[in-house]
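# Architecture at a glance
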Amino acid sequence: MYKIMVVDDEPFIADGLADLFNQIQDPCFEVSVAYSAQSALEQLDQTRMDIVISDIKMPKMNGIEMLAEIKERWPFCHVIFLSGYSDFDYVQSALKLGADSYLLKSQSDDAVLETVFETIKTIEKEKDAEHLQQRIAEEYEFALPILQKDFISQFLCFGTSLGVSEIQE
């Protein structure tokens with residue numbers, strides 16, 4: 001199950017996207033909605049989210065400011081912007097700060113879903129890499145005493161074959 005938060009100051013859009021994701025059966029989504037960036041950050045303090053889909057232009061705190069907070073506090077949370085503005089400066093700022101994608105609200109539901117599914121593939125790759133890294137750390141922790149013992153044994157054997165006086169020189 002993937003946790004998605006939709007953030008938009010227009011309830012019609014936020015609720016519509018939430019309904020879209022709630023209709024998807026595979027993968028299954030747990031969807032929450034926030035009608036402001038501040039509300040979204042408060043919810044993120046309480047619940048880990050995999051993906052945040054947000055508008056950029058919102059009152060008080062815009063999506064770019066929210067993205068900066070998200071990346072600072074929850075670096076593994078993925079952010080997709082869905083905006084009514086195709087302003088290049090917004091796109092550039094969003095991508096520079098680590099947004100996964102930038103879509104226009106005029107794009108189809110299929111484009112939104114396709115982008116979310118691509119983001120899920122990225123999440124799965126990250127989980128696989130994290131799992132592999134954890135396994136390597138566990139194997140290293142297990143092997144370290146054996147390697148240390150082997151090293152000391154080889155050192156002592158090397159030292160006795162040279163003679164103690166040769167090692168001191």
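Residues numbered from 1 in each chain as written. Predicted model: local features only at pLDDT ≥ 70, side-chain atom pairs only at ≥ 80, totals over all residues. Heavy atoms only, no water.

### Examining the nonpolar core
Put simply, the rule reads: Put simply, a nonpolar core is a bunch of buried Ala, Val, Leu, Ile, Met, Phe, Trp, Tyr and Cys residues held in one set by side-chain atoms that sit within 4.5 Å of each other. To sort residues, take the accessible area from a 1.4 Å probe on protein chains only and compare it with the maximum for the residue type: under 20% means buried, over 50% means exposed, and anything in between is partly exposed. What makes two residues a contact is simply this: any of their non-hydrogen atoms within 4.5 Å.
Met5, Val7, Leu44, Val52, Met66, Ile70 and Phe81 are the most contacted members of the largest nonpolar core, which totals 22 residues. Other than its neighbours up to four places away in sequence, Phe81 contacts Ser54, Asp55, Ile56, Gly63, Ile64, Leu67, Ala94, Ala99, Ser101, Tyr102 and Leu103. Counting residues in each nonpolar core, the second largest holds 19 residues, with Tyr2, Ala14, Ile80 and Ile120 among its members.

### Observations concerning the sheet that holds strand β2 (residues 29-34)
In sheet architecture, strand pairing relies on hydrogen bonds along the backbone and comes in two forms, parallel and antiparallel. As a reminder, the rule being used: Being paired, for any two strands, means DSSP has found at least two bridges between them. A run of H or I in DSSP counts as a helix once it spans at least four residues, and a run of E counts as a strand once it spans at least two, with each numbered from the N terminus. Comment: axis = line fitted to C-alpha atoms, over the contacting stretch for helices; angle = value between 0 and 180 degrees taken between N-to-C directions.
Here we have 5 strands laid out as an open sheet, ordered β2-β1-β3-β4-β5, and parallel in their pairing. Each edge of the open sheet carries a strand with a single partner, namely β2 and β5 (101-104). Averaged over all pairs of adjacent strands, the angle between strand axes in this sheet comes to 20 degrees, irrespective of strand direction. Contacting β1 (2-7), β2, β3 (51-54) and β4 (78-83), helix α1 (residues 11-22) crosses the sheet at an angle of about 175 degrees to β2.

### Focus: the packing of helix α2 (residues 37-46) against helix α3 (residues 63-73)
Each packed pair of helices is defined by two parameters, the angle between the axes and the distance between the axes. Let me state the cut-off plainly: Any angle between 65 and 115 degrees counts as roughly perpendicular, while under 35 counts as roughly parallel, over 145 as roughly antiparallel, and the rest as oblique. The sense of a crossing depends on the near helix, which, turned anticlockwise from the far helix by less than a right angle, makes the crossing left-handed and, turned clockwise, makes it right-handed. In this count, Pro and Cys sit with the nonpolar residues alongside Ala, Val, Leu, Ile, Met, Phe, Trp and Tyr, while Asp, Glu, Lys and Arg are called charged and the others, Gly among them, polar.
Running from N to C, α2 and α3 cross one another at 15 degrees; their axes reach a closest spacing of 10 Å. As far as their axial angle goes, α3 and α2 are roughly parallel. As α2 runs across α3, the sense of the crossing is right-handed. Of the residues in α3, those touching α2 at Ala37, Ala40, Leu41, Leu44 and Asp45 are Met66, Glu69, Ile70 and Arg73. Among the residues making up the contact of α2 with α3, the classes are represented as 6 nonpolar, no polar and 3 charged.

By themselves, these are just geometric observations and shouldn't be taken as functional.
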